[in-house]
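So you can see what is in the structure, the chains are spelled out below.
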Amino acid sequence: MNYQEKLAEKFFRYAAISSQSVGGSPVVPSSPGQTELAKLLMKELEEVGAVDISISDTAVVIGHIPANLPEGHAPVPAVGWVAHLDTVDSKVSPDIHPVMIRNYQGGDICQNEALGLYIKADEHPELAKYIGQDIIVSDGTSVLGADNKSAIANVMTAMEILHNDPSIPHGEIYCCFVPDEEVGLCGAKSIDFSKFPVAFAYTIDCCELGEVVFQTFNAGSGRVHIKGRTAHPMNSKNNVINPCMIATDIINMFDRAATPEHTEDTEGYIWVTGIRCDALNGEVDLNIRDHSKAKYEAKKEYIKAAVEMAKLKHPEAQISVELTDVYANIYDAVNENNSKCIDYIYEAMKQLDITPKTIAMRGGTDGSFISGKGILTPNYFTGAHNFHAISEFMPMEATEKSLLMTLKLIELITEGK
Ligand SMILES: [Zn+2]
């Protein structure tokens with residue numbers, strides 16, 4: 001089997017189904033294409049021997065590939081793979097038309113001759129690493145959606161390889177495809193974990209060959225509510241309570257060095273993402289992020305204290321704050337029983353001669369939520385570049401390496417070393 005052709009064939013099939021998610025949707029999945037893709041995957045899971053295939057009313061698909069271990073084999077932990085069905089809304093076309101560039105020879109890549117759209121080599125020097133390889137790009141009117149359909153192709157190809165070669169031993173494997181990752185991990189949040197009984201799991205989401213992520217932000221959101229009092233200027237003195245001023249007071253209590261524009265790597269922040277005020281009511285929206293759980297909790301406490309301070313200063317105003325945890329740092333789920341799950345990634349890379357590039361991600365993955373539920377779920381690379389952009393591209397040798405990672409992980413987990 002030519003793995004690159006297999007991966008490309010599946011990728012083109014999945015990309016043909018428009019499955020862009022919609023932010024702020026009251027329902028999951030946020031778009032019907034995600035259900036259509038989910039149903040296609042149910043059929044394909046059946047074809048590769050999965051059992052107990054289920055789809056939830058939120059379009060979460062789970063399939064179970066039963067173990068085929070020889071009698072007397074040491075017990076092997078059940079492992080899961082999770083990939084997301086949706087593509088991101090980057091304010092370009094939701095319909096994706098991938099283009100295969102065979103044997104890239106360097107220089108600009110023409111995405112769309114009719115529209116004159118190119119990925120320019122001088123703007124994307126990373127292209128030079130892939131000279132001589134096949135590369136998939138979009139037609140310049142959309143993102144490519146290798147995020148995350150290259151991962152779906154990866155998992156489905158791996159399951160097909162296992163199905164076609166029963167001599168490859170493996171334990172229980174669960175494949176889980178979820179919608180709406182790009183709009184707040186809503187699909188992962190609706191997983192019925194009783195159908196996903198794994199010791200640990202993996203996502204394959206982002207990015208370049210070698211990337212490993214097992215540290216993400218702890219993430220929360222906050223909303224401050226302010227109710228003031230308005231009056232005619234004739235009797236405003238000692239009477240008006242202005243929510244605009246109170247909102248400003250609260251924001252001014254935050255550390256100006258701990259904002260997104262002043263932080264990097266593992267530095268956390270509070271991001272004021274919205275202020276809506278009139279003469280009577282006010283609201284302030286906040287995003288809270290920190291890799292350190294303790295510092296994340298301290299930021300939440302600080303916000304509460306700032307609100308208490310504002311209450312002291314404006315005793316007649318009504319001020320309150322709601323804080324919601326959104327996802328957790330994957331790393332906080334590591335314990336002595338599951339830490340091997342991360343070791344396997346590095347061992348697989350060593351055996352496949354891939355140089356690891358470990359990243360503390362300034363964001364979250366489906367694994368951030370799933371790890372918070374006690375199932376450690378680190379991430380390894382898809383091999384693609386420029387997620388969420390029209391210049392997103394998928395070099396096929398790196399995509400194949402990502403598939404080899406999946407197969408190697410299955411081998412290592414089965415050996416249990
Ligand atoms: Zn993704």
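All values reported here derive from a predicted model rather than from experimental measurement.

Caption draft 1: Summary view of the overall build of the protein chain. Helix and strand content of the protein chain: eight helices and 17 strands. Along the first, second and third principal axes, the C-alpha atoms of the protein chain reach 85 × 60 × 40 Å. In the protein chain, which comprises 417 residues, the share counted as buried stands at 46%. Nonlocal contacts in the protein chain, meaning residues at least 24 apart in sequence, comprise 77% of its contacts between residues at least 6 apart.

Caption draft 2: Region of interest: the sheet that holds strand 13 (residues 281-290). The strand order across the open sheet formed by four strands is 12-13-11-14, and the pairing between neighbours is antiparallel. On the outer flanks of this sheet lie strand 12 (269-277) and strand 14 (318-327), each paired with one strand and no other. Averaged over all pairs of adjacent strands, the angle between strand axes in this sheet comes to 15 degrees, irrespective of strand direction. On the sheet, helix 5 (residues 293-313) packs against strand 11 (218-227), strand 12, strand 13 and strand 14 and is oriented at approximately 170 degrees with respect to strand 14.

Caption draft 3: Here's a closer look at the nonpolar core. Residues Ile152, Val155, Cys175, Cys176, Phe177 and Ala201 are the most contacted members of the largest nonpolar core, which totals 95 residues. Of the residues forming this core, the biggest block, eight residues, is contributed by helix 3 (residues 146-164). Setting aside residues no more than four positions away along its own chain, Ala201 makes contact with Val79, Gly80, Trp81, Val82, Ile370, Ile375 and Thr377. Of all hydrophobic cores here, the second largest spans 16 residues; its members include Tyr296, Ile303, Val307 and Ile319.

Caption draft 4: View of the domain arrangement of the protein chain. Considered domain by domain, the protein chain is made up of domain 1 (3-216 + 329-415) and domain 2 (218-327). Here domain 1 and domain 2 have C-alpha centroids that lie 38 Å from each other. Contacts between the two partners involve 10 residues from domain 1 and, on the opposite side, eight residues from domain 2. Ranked by residue count, the leading element in the side of domain 1 that touches domain 2 is helix 7 (residues 366-372), at three residues. Residues of the side of domain 1 that touches domain 2, tallied by class, amount to three nonpolar, six polar and one charged.

Caption draft 5: Local environment of the packing of helix 1 (residues 3-15) against helix 8 (residues 396-415). Following both chains from N to C, one finds helix 1 and helix 8 inclined at 95 degrees, their axes separated by 9 Å at the closest point. In terms of axis orientation, helix 1 runs roughly perpendicular to helix 8. Seen from helix 1, the contacting residues are Tyr3, Gln4, Leu7 and Ala8; seen from helix 8, they are Met396, Thr399, Glu400 and Leu403. Looking at the contact of helix 1 with helix 8, its residues break down into five nonpolar, two polar and one charged.

Caption draft 6: How the structure looks around the pairing of strand 2 (residues 61-65). By the criterion of burial, strand 2 is predominantly enclosed, with five of the five residues buried. Alternating positions in strand 2 separate into two faces, Val61, Gly63 and Ile65 on one and Ile62 and His64 on the other, with burial throughout. Across three bridges, strand 1 (residues 51-55) lies against strand 2 in antiparallel orientation. Opposite Ser54, over in strand 2, you have Ile62 as the bridge partner. Adjacent in sequence and paired antiparallel, strand 1 and strand 2 are bridged by five residues, among which Ala59 carries a positive phi angle near 70 degrees.

Caption draft 7: Region of interest: the environment of Val79. Note that Val79 resides in strand 3 (residues 79-84). When the 21 C-beta atoms within 10 Å are taken as the criterion, Val79 is described as buried. Along the backbone, Val79 and Asp95 are 16 residues apart, and their C-alpha atoms lie at a distance of 33 Å. If near-sequence neighbours (up to four positions away) are discounted, Val79 is found in contact with Gly171, Ile173, Val198, Ala199, Phe200, Ala201 and Ile413.

Caption draft 8: Representation of unusual backbone geometry within the structure. The residue after Val28, namely Pro29, is reached through a cis peptide bond having omega 0 degrees. Among the structural elements, Pro29 can be located in the loop between helix 1 and helix 2 (32-47). Residue Asn148 follows Asp147 across a cis peptide bond; omega there is 20 degrees. Here the phi dihedral of Asp52 falls at roughly 50 degrees; this positive angle occurs in a residue that is not glycine. Tracing the chain through its elements places Asp52 in strand 1. You can call Asp52 exposed: it has 11 C-beta atoms within 10 Å. A positive phi is found at Lys91, a non-glycine position, where the angle reads about 65 degrees. Inspection of the secondary structure assignment puts Lys91 in the loop between strand 3 and strand 4 (99-101).

Caption draft 9: Summary view of the sheet that holds strand 4. As summarised here, the arrangement of the three strands in space is 4-7-17, forming an open sheet in which the pairing is antiparallel. Either end of the sheet is taken by a strand with one partner, and the two such strands are strand 4 and strand 17 (393-395). Here the average twist between neighbouring strands, direction ignored, is 20 degrees. Bridge count for strand 7 (residues 135-137) against strand 17 is three bridges, and the pairing is antiparallel. Note on strand 17: the bridge partner recorded for Ile136 is Met394.

Caption draft 10: Focus on helix 8. Taking 1.5 Å per residue, 20 residues should reach 28 Å; helix 8 reaches 29 Å between its end C-alpha atoms and fits that length. The buried fraction of helix 8 amounts to 14 of the 20 residues, a majority that puts the element mostly inside the structure. Positive phi appears at Gly416, one or two residues downstream of helix 8, with a value of about 70 degrees.

Procedures and definitions
Counting from 1, residues in each chain are numbered in the order their sequence is written. Per-residue local features of the predicted model are confined to residues with pLDDT of at least 70, and side-chain atom pairs are confined, for both listing and counting, to 80 or more; whole-chain, interface and lining totals are unaffected and use all residues. By the criteria applied, helices consist of DSSP H or I runs no shorter than four residues and strands consist of E runs no shorter than two, each listed in order from the N terminus. Exposure criterion: with C-beta atoms placed from backbone coordinates, a residue whose C-beta has 20 or more other C-beta atoms within 10 Å is buried, one with 12 or fewer is exposed, and one in between is partly exposed. By definition, residues are in contact whenever their C-beta atoms, placed on the basis of the backbone, come within 7 Å of each other. By the convention used here, strands pair only if DSSP detects at least 2 bridges between them. Inter-axis angles, ranging from 0 to 180 degrees, are taken between N-to-C directions of lines fitted to C-alpha atoms, where helices are fitted over the stretch in contact. Any nonpolar core is a set of buried residues, restricted to Ala, Val, Leu, Ile, Met, Phe, Trp, Tyr and Cys, that join up through C-beta atoms within 7 Å. Bear in mind that the domain bounds are from an automatic or database domain assignment. When residue character is reported, Ala, Val, Leu, Ile, Met, Phe, Trp, Tyr, Cys and Pro are called nonpolar, Asp, Glu, Lys and Arg charged, and the others, Gly included, polar. Under this scheme an angle from 65 to 115 degrees is roughly perpendicular, one under 35 degrees roughly parallel, and one over 145 degrees roughly antiparallel; angles in between are oblique. A helix is expected to reach a length of 1.5 Å times the quantity of its residues less one.

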